[in-house]
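Fold and geometry: a report
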Amino acid sequence: MWCCRPAFQLHRGVGREEVMSSTLVETVSINYEDFNESFLTCGTCLCSFDGGEHTPKLLHCSHTVCLHCLTRIVASHARDDGTFRCPICRESIRIPSGGVAALPPSFLVNQLLDLMSRQRREVVPKCSTHPNQELLFCESCDLVFCTQCSNGSHQGSAASYQHTVIPLSIAIKRMSEILCYKANECYSKLNEASDAVTSEMHQLDHAVDATFEDVNRAFQAIIDTIEQRRETVISNVKKMRDEKKKVLQDQLDIIEGERRKVQQECEGLQYQVEVRNITKKIAHLNTKIDSLSTLVEPRENAFLKFESHHNEAFDQIQATIEDYGRVVTSKTFPSLCFMKAKKAMTHLRSEVVVHTVDYDGESQSTGGDPVVSEVKSEGGDVIESQVEDNEDGTYSIFFTPEQGGTHSVTVKIFGRSIKESPLLVEVIDEHNPDIVYGSRGSGKDQFLQPVGICIDDNEFMYVADTGNSRIKVLSPQLKEVQHIVGDALEGRSVTGITRTPTSSLVFVNWRKKTITEVTSSGHLLYQFSHEQLIEPTTLAVNSDGEILVADNAVNSIFVFLPGGKLVRKWGVKGNKPGQLGSVAALCTGPDNEVVVADSRIQVFSPEGQYTRTIFETRGKGLKGTYGGLFLDPKGLLLATRQERNNSCIQVFDYSLGTLIFTIDSREAKLKRPSGLATTRDGHVIIVDLGNDCVKKFRYM
């Protein structure tokens, strides 16, 4: 059997006939038995030619390449002159006006495809011992056998009859198909990898060009500055030259003037016959000679010199130039980088930490990578996020979720996704305390009906342990430091405590009707009372040092100077705006306005004029009361609220007067929360009177 062999596998010069300028036909006779399907395979992608995306196309150089490969090559490697290189011989091929699809088909390959489809014979593997017996294949055992050789059971047991057995020819066909499929998958992956690397190389070229421009622009700015300084120095040299030259020229003009005078005096002297006149002239010239001695020496000098090492400027410039600019690069390999999420809660700033590594898996120790993040809520809404470079090879992704549920965090470096991206972060709609400190009792680490708290600049905490008639001092780590005791704390009736601008402590004893100021170590500074005080319960100190005391017996706010002088008093009993109920908490605002909490939160001017209500429950009767107020430096007003079946911490935007969110612990339920204060790192410390403890929550 004889057939034609396709032109793309022939040596040039064997029976070649040029039909058109763009088409070459080459033929040769080969034995059909020597022919195999590799002749019908694209030499570039190793895929079999077909009538679809792998249609064989004949190039001017006589090689045959499939349409799929040509399309990919032209898309990524076409040159400006409208040509591309043959992937086999690298000869330049002109792209037709209709694209690579307009290239002529390889008729020989198409004819061979038709011939193979007509004359392909299915080979049935036979047993070498029993030529007429077809071999079988057990899929369960992965075993080839002959039924006659094995007496019907390929493993010699009855269990083998339950295995899946098929003809070996079918098994070979199936495995061949799987092999082709996997090979195509590998090739697709390799194409994808090649495109990705090529794209990265193009991006590198663009980045290098942009970096060159930045370098040239930056150093040109330095050159321009130096050139400007050079011109300034040259201008100064010219200015000094002109000034010196003017002085010398003026002196030269004087000399020329004196020369003319001498010349005039000497003219006609030879005609003088009067000795007296000649003697007089001589005496005059002697005097002039003496006066002209001042003109002999130039009144200016020619000294002019440039110095560049008179100070440290040159060394500083040289050192600055040597350190000026740097080229930043990175070895980060995005697909090996990973990220970890910290505990995420609604309304709190949540963090995901990205760890960068290089191709070898080594952790990076410097920052500077272009990290881009996108955070989406469970509903698909994009949440604002910020990337913070920790400059140690890690990056923090911050976002503040408004709702609970599963959030996705997508992170890319160099535009490529990192490992585990997008990361699913579970945001919980529950705020439990980070630390619970204390228990009921009178010993170490114990409280009995604590009601108030304040924190100093070093974040030491002072808790009014009312039932134990003491102030417990805690470290920032909530460790007991000491107890402050004294007569002013006796009677189990201290119901309010705060700090002054001078860092001392002020507390109120409602039974004794006294206000006492002590140092942070407990030394008494002063104590006072007032005849109008009946039931003082809580207090606050404004930025002027004035002490504001709430008295629930008269529903009024008393304002004292340090030492006890009453400055003013204001307040009217009632439930209407501007009136006072049973006041449970006080604090002051940035302009010394007074924030008062009973069953509502109201704001008054320093003189007691009502300005606004921040929060008030609606409906019949009064629902719930407050236990503490605190305004943090960022303008967030925190309040502890007690209701019939629930207690919580409310967080308000003080300037807007709007409720942002509430903190309601389920794991450690609040029971009559009272005083509170915040720390610099976004935590709030709550005194839980009903549970005789202190709890630390995140609120930012």
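Below, the structure is looked at part by part. (Residues numbered from 1 in each chain as written. Predicted model: local features only at pLDDT ≥ 70, side-chain atom pairs only at ≥ 80, totals over all residues. Heavy atoms only, no water.)

Let us now look at the overall build of the chain. Check the secondary structure of the chain and you find five helices and 47 strands. Taking 700 residues into account, the globule formula puts the C-alpha radius of gyration at 27 Å, and the chain, at 49 Å, lies well above it. If one aligns the C-alpha atoms of the chain with their principal axes, the spans along those axes are about 140 × 125 × 45 Å. Classification of the 700 residues of the chain by burial places 39% in the buried group. Of the roughly 40,600 Å² of accessible surface on the chain, 52% is carried by carbon and sulfur atoms. Each charge sign in the chain was given a centre, from 76 positive and 91 negative side chains, and these centres are 4 Å apart. (Helix = DSSP H or I, 4+ residues; strand = E, 2+ residues; numbered from the N terminus. Rg over C-alpha atoms; globule rule 2.2 N^0.38 Å. Buried < 20%, exposed > 50% of the residue type's maximum accessible area, 1.4 Å probe, protein only. Areas by Shrake-Rupley, 256 points an atom, 1.4 Å probe, with all protein chains shown as cover. Lys, Arg positive; Asp, Glu negative; His and termini not counted. Charge placed at Lys NZ, Arg CZ, Asp CG, Glu CD.)

The next thing to look at is the pairing of strand β19 (residues 405-413). Pairing between strand β15 (residues 371-376) and β19: six bridges, direction antiparallel. The partner of Val371 across the bridge, within β19, is Ile413. Bridge count for β19 against strand β21 (residues 423-428) is five bridges, and the pairing is antiparallel. Bridge assignment links Ser408 to a residue of β21, and that residue is Leu424. The pairing of β19 with strand β20 (residues 416-417) spans two bridges and is classified as antiparallel. Residue pairing for β20: Ile413 is matched across the bridge by Arg416. Two successive antiparallel strands, β19 and β20, enclose a turn made up of two residues, where Phe414 displays a positive phi of approximately 60°. (Pairing = 2+ DSSP bridges.)

What follows is about the sheet that holds strand β35 (residues 556-560). One open sheet holds the four strands; their spatial order is β33-β34-β35-β36, and the pairing between them is antiparallel. The open sheet has two edge strands with one neighbour each: β33 (536-541) and β36 (566-570). Shown here is a sheet whose adjacent strand axes are inclined to one another by a mean of 20°, direction ignored. In this structure, strand β34 (residues 547-551) lies alongside β35, joined through five bridges in antiparallel fashion. Following the sheet pairing, Asp551 is matched in β35 by Ser556. (Axes fitted to C-alpha atoms, helices over the stretch in contact; angles between N-to-C directions.)

A cis amide bond, omega 5°, links Ser421 with the succeeding residue Pro422. The backbone phi angle of Leu478 is positive, close to 60°, even though this residue is not glycine. Mapped onto the secondary structure, Leu478 falls in the loop between β27 (470-474) and β28 (480-484). With relative accessibility at 4%, the residue Leu478 sits in the buried group. Look at Asn592: it is not a glycine, yet its phi comes out positive at around 65°. Tracing the chain through its elements places Asn592 in the loop between β37 (585-588) and β38 (594-597). Judged by its relative accessible area of 10%, Asn592 falls in the buried class.

To continue, consider helix α1 (residues 67-77). Where α1 is concerned, the buried positions are Cys69, Leu70, Ile73 and Val74. Across the axial projection of α1, the buried residues extend over an arc of 125°, all falling on one side. (Arc of directions from axis to C-beta.)

What follows is about a nonpolar patch on the surface. Taken together, Leu204, Val208 and Phe212 make up a surface patch of nonpolar side chains, about 280 Å² in accessible area. Residue position: Leu204 is located in helix α3 (residues 168-266). Given a relative accessible area of 51%, Leu204 falls into the exposed group. (Patch = residues over 30% accessible without salt bridge, like charges linked within 9 Å, V, L, I, M, F, W, Y side chains within 5 Å. Salt bridge = Lys/Arg side-chain N within 4 Å of Asp/Glu carboxyl O.)

Another point: the sheet that holds strand β12 (residues 338-341). Pairing is antiparallel across the open sheet formed by four strands, whose spatial order is β12-β14-β18-β17. The open sheet has two edge strands, β12 and β17 (385-389), and neither has a second partner. Pairs of neighbouring strands in the sheet enclose a mean axial angle of 25°, with direction left out of account. Relative to strand β18 (residues 394-399), β17 is paired through five bridges, and the arrangement is antiparallel. Its bridge partner being in β18, Ser385 is matched across the sheet by Phe399.

One way to put it is that α1 packs onto α3 with a least axis distance of 12 Å and a crossing angle of 10°. Here α1 lies roughly parallel to α3, going by the angle between them. On α3, the residues touching His68, Cys69, Arg72 and Ser76 of α1 are Tyr187, Asn191, Asp195 and His202. Partitioned by chemical class, the residues of the contact of α1 with α3 number two nonpolar, four polar and two charged. (Parallel < 35°, antiparallel > 145°, perpendicular 65-115°, else oblique. Contact = heavy atoms within 4.5 Å. Nonpolar A, V, L, I, M, F, W, Y, C, P; charged D, E, K, R; others polar.)

Scanning the entire structure with this criterion turns up ten aromatic pairs. An aromatic cluster of at least three residues, connected via ring pairs, comprises Tyr526, Phe528, Phe558 and Phe560. Directly above the aromatic system of Phe398 lies the positively charged group of Arg349, at a separation of 3.7 Å from the ring centroid. Over the ring of Phe447 we find Lys472, and its NZ or CZ is 5.4 Å from the ring centre. (Phe/Tyr/Trp six-rings, centres within 6.5 Å; stacked < 30°, edge-to-face > 60°. Lys NZ or Arg CZ within 6 Å of the ring centre and 35° of its normal.)

Let us now look at the environment of Ala488. Tracing the sequence through the fold places Ala488 in the loop between β28 and β29 (494-499). Looking at Ala488, the relative accessible area reads 13%, which means it is buried. For the pair formed by Ala488 and Gln527, sequence separation is 39 residues and the distance between their alpha carbons is 8.3 Å. Sequence-distant contacts of Ala488, defined by excluding residues within four places in its chain, comprise Val494, Phe507, Asn509, Lys512, Thr516 and Gln527.

Quick look at the nonpolar core now. For soluble globular proteins, the rule of thumb is that nonpolar side chains tend to be buried together. One finds Cys42, Cys45, Leu59, Cys69, Leu70 and Phe84 to be the most contacted residues of the largest nonpolar core, which totals 23 residues. Secondary structure elements with two or more residues in this core: β6 (64-66), α1 and α2 (107-119). Listed in part, the 19 residues of the second largest apolar core include Val354, Tyr395, Phe399 and Ile418. (Core = buried A, V, L, I, M, F, W, Y, C linked by side-chain atoms within 4.5 Å.)

Purely geometric numbers; function is a separate question.
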